Amino acid sequence: MKFQLALLLLWLYLLACIAPSFAQTCVDADLVIRNGHIITMDTGLKNATGMAVRDGKIVALEEDNELASCASPRTKISDLHNRTVLPGLIDVHTHAMEWAKGILRGQIDAAYPNVRAIDDIVREIASRANSLQRGQWIVGAGWDDSKLTEHRYIRRQDLDPASPHNPVYLDHVSGHLAAVNSAALELAGIDRRTPDPQGGVIERDATGEPTGILKDTAMSLVSSQLPKDPEDINIRAAKLASEKAAEVGLTTIHDIFLSPDEIRGYQDAYQRGWLKIRVQMSPQIASVADAERLAQMGVHTGFGDDFLKFGAAKMFADGGMGARTIAIYPPGVTGEPDNLGVLRWKPEDMQKAHLTAAAAGWQLETHAIGDRAIDEVLDSYAAVMDKLGLKDARFRIVHAGISTPTIQKRMQAQHIVVDGNPPFVYWIGSWFLKYGPERVRWSYPAKSYIDNGVIEAAGSDVPVTPISPWWGIWAAVVRQDLQSGQVLAPEERITVDQALTLYTKNGAYAGLEEDKKGTLSPGRLADFIVVDRDPLMIPVDELKDIKVLTTYVGGKQIWP
Ligand SMILES: [Zn+2]
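Scoring rules and cut-offs
- Residues numbered from 1 in each chain as written.
- Predicted model: local features only at pLDDT ≥ 70, side-chain atom pairs only at ≥ 80, totals over all residues.
- Heavy atoms only, no water.
- Disulfide = S-S within 2.5 Å.
- Helix = DSSP H or I, 4+ residues; strand = E, 2+ residues; numbered from the N terminus.
- Buried < 20%, exposed > 50% of the residue type's maximum accessible area, 1.4 Å probe, protein only.
- Salt bridge = Lys/Arg side-chain N within 4 Å of Asp/Glu carboxyl O.
- Lys, Arg positive; Asp, Glu negative; His and termini not counted.
- Donors = N, O, S within 2.8 Å, 3.2 Å for Na, K, Ca; no water.
- Pairing = 2+ DSSP bridges.
- Axes fitted to C-alpha atoms, helices over the stretch in contact; angles between N-to-C directions.
- Parallel < 35°, antiparallel > 145°, perpendicular 65-115°, else oblique.
- Left-handed = near helix turned anticlockwise from the far one by under 90°.
- Contact = heavy atoms within 4.5 Å.
- Polar contact = N/O pair within 3.5 Å; in protein donor to acceptor, adjacent residues only side chain to side chain.
- Core = buried A, V, L, I, M, F, W, Y, C linked by side-chain atoms within 4.5 Å.
- Phe/Tyr/Trp six-rings, centres within 6.5 Å; stacked < 30°, edge-to-face > 60°.
- Lys NZ or Arg CZ within 6 Å of the ring centre and 35° of its normal.

A. Local environment of the state of the cysteines. A full pass over the atoms with the stated rule returns one disulfide. Each sulfur of the disulfide joining cysteine 26 and cysteine 70 lies 1.8 Å from the other. Disulfide cysteine 26 to cysteine 70: torsion about the S-S bond roughly 115°, handedness right-handed. Within this pair, whereas cysteine 26 is found in the loop between helix 1 (2-25) and strand 1 (31-34), its partner cysteine 70 is found in the loop between strand 4 (57-62) and strand 5 (76-79), the two being separated by 44 residues in sequence. Relative accessible area serves as the criterion here: at 0%, cysteine 70 is assigned to the buried category.

This is the structure in structure tokens:
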């Protein structure tokens, strides 16, 4: 009896200790939201109606009546009228600055649905050529042969009549190939005698003449000739990218493969107070020398603050599906039996670059779409982890397009995080089909990652697909291809809750920030969004139409 009494007293004492500490922390809040339908995405927490924020962080998450102690006369109170609240969404793979620069440059938007046939783009080029002086560039981006009525690449013969005297450069939506006209080839000095550069292809016709299609590293033969941007373009692009991201509910993006000027652009925008959302910047490593330079700078992943910091260091292992340059095991692409894609690195150089960056404290992320490329990266990661004695380095594989069960087991064993791309199934699912049904089955899986214990985060890869994460959340649930209407690998469909997890909790995990964001709970950053409907209650097809009403970063309303 005595012992039980002692236990009861101890329990009462502990309760008394906890109660005042809650009252103490939740006073004089900057913001209290009430009457909301708050989905925390934290499995240990029940959903709440009210939330209090102080100094940019969540201090309490309760039913409204329990938040009374939080408010003071200066506290801003916001009544949500039962609207749905979610954690701010996280996109771990964007080229947001590059995309924003395209908008600022006034590039031709050659993406579907703006361009549906080669004629559409030819007409636009002809009208621009008419208003330009001889020799001035015409630049566009976003075209996708699989969405053109002709279902083929745009070649110089298509472009030359519309623009005989102005060089034309048109980026494919994949970012892995470009179409140029004869004037551009001539400017870059490319003719039938020009050899293919390492890691790239100059496409040639039956007679050996370049067709105007340049793949992977061959693109820079022409893109290096493009006119210089105005000096302030990067800082303006950082601002624009962050505004566009806030509008669709993203509160953190990872911007990948940034050049030094682009990194400076983000930094300057942040210093001027122009950056609306949080950004992880990923510098590029295109050679062993790049890795050595990065290591010598003395900074590493995580340097910066909660708003702007360095993320992972990014490398490319292979090419893209749209350009048919992903590195696969035999058999080759349908109709091109010998095409097993390209590997950009010699394995020993990749390992050297990985080791150099990781030893200097960089998280690694490597683009690998084909199964052969993924295996090469996994081999290299394993060697690096072994050499450095790392157990859970949380190295990332970007895309992991063809991810077989064998590969997934390796990923699980090495604690690899996948930067997956749920919206690809809808927007570019037709590219998967060229790789045959065997590979379609394991293209951009999601359900089997969950089953096999592999953590997947999500990325739009904007401008490859639109920046809105709602496309990806919807596509992860339905997996329908835009072109054919087919459901691709229906076994890999996941629930709405699981899809939201990719864009919240798992995004935070990929960015080494799971103790700061990804769920709404006391102590976390107050990054959250109010949306016009509850994603867990609406018909699945409405997911892509969800509108973000307000976006908060660190408890401050930043949109609208
Ligand atoms: Zn990308």
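Structure's up, so let's keep going.
B. Representation of the pattern of salt bridges. In the structure shown here, the tally under the stated rule is 37 salt bridges. Of the charged contacts, one joins aspartate 28 and arginine 74 as a salt bridge, the two residues approaching to 2.9 Å between their closest N and O atoms. Here aspartate 28, found in the loop between helix 1 and strand 1, pairs with arginine 74, found in the loop between strand 4 and strand 5; they are 46 residues apart in sequence, far enough to count as distant. On the accessibility criterion, aspartate 28 (27% relative accessible area) is partly exposed. Between glutamate 98 and arginine 105 there is a salt bridge; the shortest N-O distance is 3.6 Å. What makes arginine 105 partly exposed here is its relative accessible area of 33%.

C. Spotlight on the side chain of glutamate 376. By secondary structure assignment, the location of glutamate 376 is in helix 11 (residues 371-388). Look at glutamate 376: it is buried, it has no salt bridge, and the nearest opposite charge is arginine 372 at 7.6 Å.

D. Up close: the coordination of the zinc ion. Bound to the zinc ion are the protein donor atoms His93 (NE2), His95 (NE2) and Asp461 (OD), situated 2.1 to 2.2 Å from the metal. Along the chain, the residues donating to the zinc ion are arranged with the sequence spacing H-x1-H-x365-D. The class for histidine 93 is buried, based on a relative accessible area of 1%.

E. Spatial organisation of the pairing of strand 12 (residues 200-204). The pairing of strand 12 with strand 13 (residues 210-216) spans four bridges and is classified as antiparallel. When the sheet's bridge partners are listed, valine 201 is paired in strand 13 with lysine 215. Where strand 12 folds back on strand 13, the antiparallel hairpin that results is connected by five residues, among which glycine 208 adopts a positive phi of roughly 95°.

F. Spotlight on unusual backbone geometry. For the peptide bond that leads from valine 462 to proline 463, omega is 15°, which places it in the cis range. With respect to the helices, strands and loops of the structure, proline 463 is situated in the loop between strand 21 (455-458) and helix 17 (469-478). The residue after tryptophan 559, namely proline 560, is reached through a cis peptide bond having omega -5°. Note that proline 560 resides in the segment after strand 24 (556-559). Even without being glycine, methionine 41 reaches a positive phi, approximately 60°. You can see methionine 41 is positioned in the loop between strand 2 (37-38) and strand 3 (50-54). On the basis of relative accessibility, which here comes to 9%, the residue methionine 41 falls in the buried class. A positive phi is found at aspartate 55, a non-glycine position, where the angle reads about 50°. By the element assignment, aspartate 55 lies in the loop between strand 3 and strand 4.

G. Local environment of helix 18 (residues 496-503). Most of helix 18 sits inside the fold, with six of its eight residues counted as buried. Among the residues of helix 18, those classed as buried are Val496, Ala499, Leu500, Thr501, Leu502 and Tyr503.

H. Quick peek at the pairing of strand 22 (residues 528-531). Going residue by residue along strand 22, you find Phe528 and Val530 tucked away on one face and Ile529 and Val531 tucked away on the opposite face as well. Bridge count for strand 6 (residues 84-87) against strand 22 is four bridges, and the pairing is antiparallel. The residue of strand 22 that forms the bridge with threonine 84 is valine 531. Bridge count between strand 22 and strand 23 (residues 548-553): four bridges; the pairing is antiparallel.

I. The arrangement of the sheet that holds strand 18 (residues 364-368) in detail. With parallel pairing, five strands are arranged side by side in an open sheet as 17-18-19-20-21. The strands lining the two open edges of the sheet, one partner per strand, are strand 17 (313-316) and strand 21. Between one strand and the next, the sheet's axes are offset by a mean angle of 25°, whatever the strand orientation.

J. Region of the structure containing the packing of helix 17 against helix 18. Contact pair helix 17 / helix 18: the axes reach a minimum separation of 9 Å and the direction vectors enclose 140°. Judged by the angle between their axes, helix 17 and helix 18 are oblique. For helix 17 against helix 18, the interelement crossing comes out right-handed. Within the contact between the two elements, helix 17 uses Pro469, Trp470, Gly472, Ile473, Ala476 and Val477 and helix 18 uses Val496, Ala499, Leu500 and Tyr503.

K. Focus on the environment of asparagine 166. Structurally, asparagine 166 can be placed in the loop between helix 4 (156-159) and strand 10 (168-172). Among the residues examined, asparagine 166 registers a relative accessible area of 5% and is labelled buried. In contact with asparagine 166, not counting residues within four places along its chain, are Ala129, Leu132, Gln133, Arg134, Gly135, Gln136, Ile138, Asn181 and Ala183. From its side chain, asparagine 166 meets the backbone oxygen of glutamine 133 in a polar contact 2.8 Å long.

L. Structural detail: the nonpolar core. Counting residues in each nonpolar core, the largest one holds 106 residues, and the members touching the most others are Tyr266, Ile397, Met411 and Trp470. In contact with tyrosine 266, not counting residues within four places along its chain, are Ala96, Met97, Ala238, Ala241, Ile253, Asp255, Leu258, Leu275, Val279, Met281 and Leu308. By size, the runner-up hydrophobic cluster in this structure holds 21 residues, among which are Ile121, Val122, Leu170 and Ile213.

M. Summary view of the packing of aromatic side chains. Following the criterion strictly, the structure yields 13 aromatic pairs and no others. A centroid spacing of 5.1 Å and a plane angle of 65° characterise the contact between phenylalanine 424 and tyrosine 444, whose relative ring orientation is edge-to-face. Highlighted residues: phenylalanine 424 in helix 13 (residues 424-427) and tyrosine 444 in the loop between helix 15 (437-441) and helix 16 (447-452), separated in sequence by 20 residues. Residues phenylalanine 424 and tyrosine 444 agree in their burial class; the two are buried. Judged by centre distance (4.9 Å) and plane angle (75°), the rings of tyrosine 426 and tryptophan 474 are edge-to-face. Of the two residues, tyrosine 426 is situated in helix 13 and tryptophan 474 in helix 17; the sequence distance between them amounts to 48 residues. Among the aromatic side chains, those forming a connected cluster through ring pairs are Tyr426, Trp427, Trp471 and Trp474. Lying over the aromatic face of tryptophan 274, lysine 239 brings its terminal NZ or CZ to 5.8 Å of the ring centre.

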